[in-house]
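# Fold and geometry: a report
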Amino acid sequence: MEINNQQDATQFLRESVQAAEPVRQCMGRQIGLNRCMFVGRHWITDEMMSSIFNTTGRHLVNINPDTNKLRLVLNRIPRFIHETAAASFPSSMNFDVSPSERDMGSESAFRARVLNSALSSFVRSSGFLASSRDASYRRCIDGLHGIGLCVRMEQRRVGKASVADCIAKTFTFDAHRLVLDPFNQSLDLWDHEYVIYRDVWTATKIKRELGIELDPDKTKSIGELMPFEMVMNTVSMGRLYPYVKEYSTTKGAYIVQMHVKGDAGNFPTMLVGVDYGGGDDVEWQNFDNQDTPFGGNGLPFMLLHGYREPETMVSRSDVSLLKHDQDQINLLSTMAARVLQRYSGPQWTVAVGSMDGDGVDDYKSYFTNNVGGVIPYKPGTRDRPMQPPQLITPP
């Protein structure tokens, strides 16, 4: 795939984002539902999530159709997730570098030890082990989570001189930040024809990290650029993405990092650009020097997958596997609690002739306190058979 000018790069980005948007929305809804279940925001169905994200600019605050009724949540999911994540946490990363069989001299053994020490130093300095633990924990909740590598040049002091130093750091990201070909369902990002990382940064962060001063007339607020996160913050009652709500009025833009596979099967180029999100052309920062700074196949991203599903690259998480059991626990607990709430109060016997209002039903409607109920009777008459009380009221 060849990109000849900046207009071609912008058009390719726009078409790729538009083609991948349905998949990203579906992935985002599933991730949002899993996270709501984890933090205890239950009684949410897939249909409710779809209706929330399909509204025309109006966020649905109250997603429960009968919130005036008693509903219990006995959240058992976090305990199992902590145990699963702890069992899959990488505790260390060891390397075994050996010289080739045809090179058995002392110099080759020395080079092998130096390379082994360099790899161990890179793992420590880049924070790869901490990022792997964080991504593994998030994978248990979301189903899949990403790890990325960032390389930048910094000036550091060596004695009295200032020396340019290359700094490599790892970071984690939500899977729906990636823009991929929706027809390619390979789990390995290396098998895709292009991989585009698209995230939202504030104007302050863009100036600090990239040295770019944004045009204030083109910038939008963080709330406008991240509608999915804003909806999930509302649905979860502020439990999810609290930073987006806090910075919702702060100005920012999309940061795009685009990798396109070359003829040799690797990703030799990398384009970095700023997208204001308003339909204008993307401001590409390195179009004249597109060589990737990353080694290997040139791709600095990877995804950690959970329980894999056929015919899709979106994996299932431990939370999604526990959702049905958790819903049953909540349902049975709610039914028992409603029975106790209704029938634990005293049952008052009241003569029919002493009741005010328009009959027995109208009189019962006056009792809005903790009285369990009213049993009407007629003094001096034979008791009539009565239907047994309904002990189970469906939630």
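Residues numbered from 1 in each chain as written. Predicted model: local features only at pLDDT ≥ 70, side-chain atom pairs only at ≥ 80, totals over all residues. Heavy atoms only, no water.

Here we come to the overall build of the protein. Across its full length, the protein holds 11 helices and 11 strands. Counting the 395 residues in the protein, one finds 38% classified as buried. Partitioning the intrachain contacts of the protein with sequence separation of at least 6 by distance along the chain shows that 67% fall at a separation of at least 24. Carbon together with sulfur atoms contributes 52% to the accessible area of the protein, which is approximately 23,100 Å² in total. (Helix = DSSP H or I, 4+ residues; strand = E, 2+ residues; numbered from the N terminus. Buried < 20%, exposed > 50% of the residue type's maximum accessible area, 1.4 Å probe, protein only. Contact = heavy atoms within 4.5 Å. Areas by Shrake-Rupley, 256 points an atom, 1.4 Å probe, with all protein chains shown as cover.)

We now examine the confidence of the model for the protein. For the protein, per-residue confidence averages 81 on the pLDDT scale, and residues scoring 70 or more make up 85% of the total. A low-confidence stretch, residues 55–67 stays under pLDDT 50, and its non-local contacts, those more than four residues away or across chains, total 20 contacts. (pLDDT = per-residue confidence, 0-100.)

Take the pattern of salt bridges next. For side chains of opposite charge, pairing can occur when their charged atoms come near one another. Per the stated rule, a full pass over the model turns up 11 salt bridges. Residue arginine 35 is joined to aspartate 142 by a salt bridge in which the shortest nitrogen-to-oxygen separation is 2.7 Å. With arginine 35 in helix α1 (residues 6–39) and aspartate 142 in helix α5 (residues 128–142), the pair connects residues that are 107 residues apart, well separated along the chain. Here arginine 35 and aspartate 142 have matching classes, each one buried. With a closest N to O distance of 4.0 Å, arginine 177 and aspartate 174 form a salt bridge. Note on accessibility: arginine 177 and aspartate 174 belong to one class, buried. What emerges from the salt-bridge pattern is a single network uniting Arg35, Asp142, Asp174, Arg177, Asp199 and Glu229. (Salt bridge = Lys/Arg side-chain N within 4 Å of Asp/Glu carboxyl O.)

Remember that side chains alternate between the two faces of the sheet whenever the strand is regular. As defined by bridge partners, strand β1 (residues 144–158) adjoins strand β2 (residues 161–174) across 14 bridges and the pair is classed as antiparallel. Bridging across to β2, glycine 146 finds its partner in phenylalanine 173. Between β1 and β2, which follow one another and run antiparallel, lie 2 residues, and glycine 159 among them has a positive phi close to 70°. (Pairing = 2+ DSSP bridges.)

Backbone geometry at methionine 237 places phi at a positive 60°, although glycine is not the residue there. Within the secondary structure, methionine 237 sits in the loop between α8 (227–235) and α9 (242–246). For glutamate 311, which is not glycine, the phi dihedral falls at a positive 65°. Position of glutamate 311 among the secondary structure elements: in the loop between β9 (301–305) and α10 (318–343).

Turning next to the sheet that holds β1. Strand order in the open sheet made by the 3 strands is β2-β1-β9, with antiparallel pairing throughout. Of all strands in the sheet, those with a lone pairing partner are β2 and β9, marking the two edges. The mean inter-strand angle of the sheet, taken between neighbouring strand axes irrespective of direction, is 25°. Bridge count between β1 and β9: 5 bridges; the pairing is antiparallel. Following the sheet pairing, histidine 145 is matched in β9 by leucine 304. Across the face of the sheet, helix α4 (residues 106–126) comes into contact with β1 and β2 while running at roughly 70° to β2. (Axes fitted to C-alpha atoms, helices over the stretch in contact; angles between N-to-C directions.)

This model, assessed by the stated rule, comprises 1 cavity of 30 Å³ or more. For the lining of the largest cavity, the leading source of residues is α1, giving 4 residues. (1 Å grid on protein atoms, 1.4 Å probe; cavity = no way out; pocket = protein on both sides within 12 Å on 5 of 7 lines; lining within 4 Å. Points joined across faces, edges and corners; volume = space filled by probe spheres on them.)

This paragraph deals with the side chain of glutamine 290. Secondary-structure assignment places glutamine 290 in the loop between β8 (283–284) and β9. A distance of 3.1 Å separates a polar atom in the side chain of glutamine 290 from the backbone oxygen of phenylalanine 287. When neighbours within four sequence positions are excluded, glutamine 290 is seen to be in contact with Pro268, Thr269, Met270 and Leu271. (Polar contact = N/O pair within 3.5 Å; in protein donor to acceptor, adjacent residues only side chain to side chain.)

Moving on to the packing of aromatic side chains. Tallying each qualifying case throughout the model produces 9 aromatic pairs. With 6.3 Å between their ring centres and 85° between their planes, phenylalanine 38 and tyrosine 137 make a pair best called edge-to-face. Of the two residues, phenylalanine 38 sits in helix α1 while tyrosine 137 sits in helix α5, which places them 99 residues apart along the sequence. Ring centres of phenylalanine 228 and tyrosine 241 lie 6.0 Å apart, and the angle between their planes is 70°; on these two criteria the pair is classed as edge-to-face. One end of the pair, phenylalanine 228, is in helix α8; the other, tyrosine 241, is in the loop between α8 and α9, and 13 residues separate them in sequence. Overall, phenylalanine 228 belongs to the buried group, its relative accessible area being 10%. The exposure class of tyrosine 241 is buried, given its relative accessible area of 7%. Over the aromatic face of phenylalanine 80 sits the side chain of arginine 79, whose NZ or CZ is 4.9 Å from the ring centroid. (Phe/Tyr/Trp six-rings, centres within 6.5 Å; stacked < 30°, edge-to-face > 60°. Lys NZ or Arg CZ within 6 Å of the ring centre and 35° of its normal.)

This brings us to the packing of helix α3 (residues 77–88) against α5. α5 packs onto α3 with a crossing angle of 140° between their chain directions and a minimal axis gap of 9 Å. Regarding the angle of α3 to α5, the classification is oblique. Here the hand of the crossing between α3 and α5 comes out right-handed. Seen from α3, the contacting residues are Ile81, His82, Thr84, Ala85 and Ser88; seen from α5, they are Ser136, Tyr137, Arg139, Cys140 and Ile141. Broken down by class, the residue content of the contact of α3 with α5 amounts to 5 nonpolar, 4 polar and 1 charged. (Parallel < 35°, antiparallel > 145°, perpendicular 65-115°, else oblique. Left-handed = near helix turned anticlockwise from the far one by under 90°. Nonpolar A, V, L, I, M, F, W, Y, C, P; charged D, E, K, R; others polar.)

Turning our attention to α1. At glutamate 21, α1 shows its largest kink, close to 45°, and the proline proline 22 lies no more than four residues downstream. One side-chain oxygen at the N-terminal end of α1 lies 3.2 Å from the backbone nitrogen of glutamine 7; it belongs to asparagine 5. (Bend = angle between axes of the 7 residues up to and from the residue.)

This part covers the side chain of glutamine 257. As for its placement among the helices and strands, glutamine 257 is situated in strand β6 (residues 251–260). For glutamine 257, a relative accessible area of 17% gives the class buried. Reaching out from glutamine 257, the side chain makes a polar contact with the side chain of histidine 259 at a distance of 2.9 Å. Contacts of glutamine 257, omitting those with residues within four sequence positions, involve Val195, Ile196, Tyr197, Met270, Leu271, Val272, Phe294, Pro300 and Phe301.

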